[in-house]
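Close look at the chain arrangement
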Amino acid sequence: MNINDLHESPLSLQISFNKLIEHYETMAESKDPFMVAKAERVLEAQKPFPELRSGFTDTDSLDKYKDAIAVILEDSFSNVLSRNEIKTASVPFHNLIFNSSERFKNIIAAAGDDFELKIKNMPDDDIYIIGCTLILKFCYNIDLSFKRPLFYEIPDTKGIMRYFKILYNADFTEIIPTKKAKKISQADVDELLDNFENIDLWKEKFPPQSYVYKGFVISNIFDVTDDQSISNIKSNLISATSQKDETLAEEFQEIFRSLFNLKDLEVGFSVFNKEEGLFERVYGNGVASFLLNNKDHAKCDQTLCKRSYKTLIKDKKFYSISDVDKFYKLSEGKAPQYKSLKEQGVKSAILAPIAWEDRLLGILELVSRKPKVLNSVNANRLIDVMPFIVSEIERSKNEEENLIEAVIQQECTSIHPSVHWKFKKEARNFIKDQLQGREPSFKKLVFEDVYPLFGQIDIKGSSMARNRATQQDLTLQLTAAKAILEKSFNKNGLPIYQQIIFQADQYLDGLTDHFQVDSEQQISEYFRNEITPLFYHLLSTGELAEEITAYFNSIDEKLDVLYKNRKDYDDTISMINRKMSEMLDYKQMEAQEMYPHFFERFKTDGVEHNLYIGEAITKDENFNKIYLYNLRLWQLQVMVEMENAYYRIQHEFPVALDVASMILVFNQPLSISFRMDEKHFDVDGTYNARYEIVKKRIDKAYIKGTKRRITEKGKITIVYSQKQDEMEYLSYVRFLQSKNYLDDDVEIVELEDLQAVTGLKAIRVSVLYHKDDNDKEFFTYNDLMKELNA
């Protein structure tokens, strides 16, 4: 086989020993008889094979020249050092080897019969360009400094990957241009410097096989497994920023196996939570925790014995267990770390604290199923890699903290993405002032000329429902307490019991006849001050123990009252708010795609939302009122859909409550600003404040001349003040009527004047309900109730 068939190259390779033989020819003229004899022996061995000087390309000929080559290379491959040195003779960047040291042969033999030797990190295109840079160096004395470390990856007898670095000695090499070679100018070199990736350009300047490479290289090879393992750890830690799958954990495991030369070594990690004194499992990435075993978290002092706790957490030093079974017996099975490791079949382990600036971040766990292979001696191999691991864990911790802060901001103090750009801009100015030594201040953020939209889906009669639940709970608790008191009085005849029973009867009558705002507090104090201490006293005497225990079992531990009907009510409110909020948030994502706008929502007894749209929000100069009209129609349609969605799932709630929807229309643009003290947006200016006043009072407004609230179950209410708003929304209503969203019972009503607000009107229209999104049949509210009850 022709060696040049293996790779395309600007060099036509010829295996030649000419340069080395020239060296021996010089030695033959030496005055040292020993050197002369050695040189003559080499020259005599080469003499029958002139092609060993002129060069040959047929790799099959190597067998024929094997003995002669061995003599020629005898000095280069000292027999004394053959079992120690890792050395080969070959052609550069090829895996063809025609002479090697004994140690190299042993390494290849250990790798197995199916192992194929191959230089790593050497793409074919790079081989071509490296050939070009060699030509520039040899023929033009131009050094482009294109040197890459070359490696072999060779498994040992245990299957553990070992890493070997290759260093070439090219003293016995010559490069000769052929007629195909093109003259290279400085302009050519300058062009190549800017076009490393353009392989066609390199081939144009250096055509394939336009130069002859005569010679060979001696490869001095070094086992750099430890250094490469550390390098691989660094590389993997860097890639961990973007790589979040289980392969990363597997790669780490392989790297540590190479570092410790242990095929069965396994890697685990436990996160240290200082605030709660816990070890926690790493979620995702396929990372195990051998200290926690199958638990998600555990107290540190329940995971480690006192000695290991001090070593790892206080002193932050390695803790090695060379023989788990031995130490488990010595501790009589009481040391939790030995117990946990033994249960998992671990025989030896190293626990290494990951600490940053005297702050413990977690515990690195290296374990093996064999005793004594991990111990306090080889634990020191970790010293060189720990700084990189610590740095990455610290980065991950900071990333987690940032993520936590982001979640808190999103869930608790959210800055909507539509206005985030302005906060970022002001934050940059803040940091810039800080860095330049000026007194930084976060300036007031104002968004002018934006159009507001407000809507709410309100739970009707929520106060009455809660009062009813409270009355029911207090009645149940008073009745239960009274029954116990009567039994105790009948047994002991103490007059004080009659007085306490009398008070209970008074409270029961009050709950039935005139339940007031402070009734709940008064009765709760009665339980706390009178009933509970007495019942604990009776328990201590053993009197009515069964009845009193049953009474206390019915009491909520945190609230110290009977919390049944109120819990059903509170759970219902919470579930309604969550379901409606989730739907509104989901629908909002669609609306943002149409045109970006500010959105915020609030959970009360129902869900309220604010929308602001305008050029100031988007910072783009493409706002048109068509986007405002579109958002108004979208809001109305979504409110109807939320009503439908609510009544479809109403049966899932513990308490059946009704809802009513309302939209407030404000047709003038206003300004909003971010209030730094309260961390939320508010309208800006005295005139604009009228909008906020209306928002806060409107749901309590009555229809003029009546005692009927403007909001009503089964209807959607649109409040406005201008005739043009009425015309606009009536067109939206007609459109939604055509889609069977709304009934045809439209009414326009005037509102009773509110404090400082007059002249408001409302469009009220019944919602049509559907059993599901695909249902063609529709119902009014009353129809729906009959259908659901049936």
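Cut-offs used in this document
- Residues numbered from 1 in each chain as written.
- Predicted model: local features only at pLDDT ≥ 70, side-chain atom pairs only at ≥ 80, totals over all residues.
- Heavy atoms only, no water.
- Helix = DSSP H or I, 4+ residues; strand = E, 2+ residues; numbered from the N terminus.
- Areas by Shrake-Rupley, 256 points an atom, 1.4 Å probe, with all protein chains shown as cover.
- Salt bridge = Lys/Arg side-chain N within 4 Å of Asp/Glu carboxyl O.
- Buried < 20%, exposed > 50% of the residue type's maximum accessible area, 1.4 Å probe, protein only.
- Phe/Tyr/Trp six-rings, centres within 6.5 Å; stacked < 30°, edge-to-face > 60°.
- Lys NZ or Arg CZ within 6 Å of the ring centre and 35° of its normal.
- 1 Å grid on protein atoms, 1.4 Å probe; cavity = no way out; pocket = protein on both sides within 12 Å on 5 of 7 lines; lining within 4 Å.
- Points joined across faces, edges and corners; volume = space filled by probe spheres on them.
- Expected span 1.5 Å × (residues − 1).
- Contact = heavy atoms within 4.5 Å.
- Pairing = 2+ DSSP bridges.
- Axes fitted to C-alpha atoms, helices over the stretch in contact; angles between N-to-C directions.
- pLDDT = per-residue confidence, 0-100.
- Parallel < 35°, antiparallel > 145°, perpendicular 65-115°, else oblique.
- Left-handed = near helix turned anticlockwise from the far one by under 90°.
- Nonpolar A, V, L, I, M, F, W, Y, C, P; charged D, E, K, R; others polar.
- Core = buried A, V, L, I, M, F, W, Y, C linked by side-chain atoms within 4.5 Å.

**Some thoughts on the overall build of the protein chain**
- Scanning the protein chain for helices and strands turns up 26 helices and 24 strands.
- A total accessible area of about 41700 Å² is found for the protein chain, and carbon and sulfur atoms account for 49% of it.

**Things to note about the pattern of salt bridges**
- Taken as a whole and assessed by the stated rule, the structure comprises 35 salt bridges.
- With its nearest N and O atoms 2.4 Å apart, the salt bridge here joins Arg 53 to Glu 25. Of this pair, Arg 53 sits in helix H3 (residues 51–54) while Glu 25 sits in helix H1 (residues 18–27); the two residues are 28 residues apart in sequence, bridging distant segments of the chain.
- The residue Glu 547 makes a salt bridge to Lys 487 at a minimum N-O spacing of 3.4 Å. With a gap of 60 residues between them, Glu 547 in helix H20 (residues 545–553) and Lys 487 in helix H17 (residues 462–492) connect regions that are remote in the sequence.

**Looking at unusual backbone geometry**
- Positive phi outside glycine occurs at Gln 209, with the angle close to 55°.
- Summarising the element assignment, Gln 209 is placed in the loop between helix H8 (199–205) and strand E8 (211–215).
- For Gln 209, a relative accessible area of 34% translates into the label partly exposed.
- Phi at Lys 372 takes a positive value of approximately 70°, unusual for a residue other than glycine.
- Residue Lys 372 is classed as exposed on the basis of its relative accessible area, which comes to 53%.

**Quick word on the packing of aromatic side chains**
- All told, the structure shown has 23 aromatic pairs when counted by the stated rule.
- Judged by centre distance (4.2 Å) and plane angle (20°), the rings of Tyr 595 and Tyr 627 are stacked. Here Tyr 627 lies in helix H23 (residues 625–649) and Tyr 595 lies in the loop between helix H21 (565–594) and strand E17 (598–604), a separation of 32 residues in the sequence.
- Tyr 627 gets classed as partly exposed once you look at its relative accessible area, which sits at 28%.
- Chaining the aromatic ring pairs together yields one cluster made of Phe 17, Phe 98, Phe 172 and Phe 216.
- Seen from the ring of Tyr 702, Lys 707 lies directly overhead, with NZ or CZ sitting 5.6 Å from the centre.

**Focus: empty space enclosed by the protein**
- Inspection of every chain in the model, using the stated rule, returns three cavities of 30 Å³ or more.
- Here the largest cavity is characterised by a volume of approximately 80 Å³.
- Among the elements of the structure, strand E1 (11–15) and helix H6 (124–140) are those that each provide at least two residues to the lining of the largest cavity.
- Ranked by residues supplied to the lining of the largest cavity, first place goes to H6 with three residues.

**Examining H17**
- Here H17 contains 31 residues, and its C-alpha end-to-end distance of 45 Å stays within 8% of the 45 Å for a straight helix at 1.5 Å per residue.
- Each element contacted by the buried residues of H17 is listed here: strand E16 (446–460), helix H18 (495–513), helix H19 (519–541), H20 and H21.
- Two residues or fewer after H17 comes Gly 493, characterised by a positive phi angle close to 70°.

**Looking at the sheet that holds strand E14 (residues 348–356)**
- The strand order across the open sheet formed by six strands is E12-E11-E10-E15-E14-E13, and the pairing between neighbours is antiparallel. Strands with a single pairing partner mark the edges of an open sheet, and in this sheet they are strand E12 (297–299) and strand E13 (319–321). Sheet twist, expressed as the mean angle between neighbouring strand axes with direction ignored, is 20°.
- Two strands pair when backbone bridges link them, and strand E10 (residues 266–273) and strand E15 (residues 359–368) are joined in this way by six bridges, in the antiparallel orientation. Looking across to E15, one finds that Ser 270 is bridged to Ile 363.
- Relative to the sheet, helix H12 (residues 306–314) contacts E10, strand E11 (278–281), E13, E14 and E15, its axis offset from that of E13 by approximately 140°.
- The strands that helix H14 (residues 336–343) touches are E13, E14 and E15; relative to E13, the one it contacts most, it runs at about 50°.

**Comments concerning the confidence of the model for the protein chain**
- For the protein chain, the average pLDDT comes to 86, and 90% of its residues sit at 70 or higher.
- Low pLDDT (under 50) marks residues 240–245, which in the prediction has 10 contacts with non-local residues, meaning those over four places away or in another chain.

**Some points on the packing of H1 against helix H2 (residues 33–46)**
- It is at 8 Å that the axes of H1 and H2 come closest, and there the two elements cross at 140°. The angle between H1 and H2 falls in the class oblique. The two elements H1 and H2 cross, and the hand of that crossing is left-handed. Facing Ile 21, Tyr 24, Glu 25 and Met 27 of H1, the residues of H2 in contact are Met 35, Val 36, Lys 38, Ala 39, Val 42, Leu 43 and Gln 46.
- Of the residues in the contact of H1 with H2, the class split is eight nonpolar, one polar and two charged.

**Digging into the sheet that holds E1**
- Here we have three strands laid out as an open sheet, ordered E1-E8-E7, and mixed in their pairing. Single-partner strands in this sheet number two, and they are E1 and strand E7 (173–177). Between one strand axis and the next, the sheet turns by 20° as a mean value, whatever way the strands run.
- Alignment of E7 against E8, held across five bridges, turns out to be antiparallel. Paired with Ile 176 across the strands is Val 212, a residue of E8.

**Overview of the nonpolar core**
- Counting 50 residues, the largest nonpolar core has Leu 636, Tyr 646, Leu 657, Ile 716 and Leu 742 as the members making the most contacts within it.
- Counting residues per element, this core draws most heavily on H23, at 12 residues.
- With near-sequence residues (within four places) excluded, Leu 636 lies in contact with Ile 663, Ile 716, Ile 718, Tyr 732, Val 733 and Leu 736.

**A few points about the environment of Ile 649**
- Assignment of secondary structure puts Ile 649 in helix H23.
- A sequence separation of 73 residues divides Ile 649 from Ile 576, and the C-alpha atoms of the two residues are 9.3 Å apart.

**Quick word on the side chain of Gln 337**
- Relative to the helices and strands, Gln 337 resides in helix H14.
- With residues up to four places along the chain from it excluded, the contact list for Gln 337 reads Leu 291, Thr 303, Leu 304, Cys 305, Ser 308, Tyr 319 and Ile 321.

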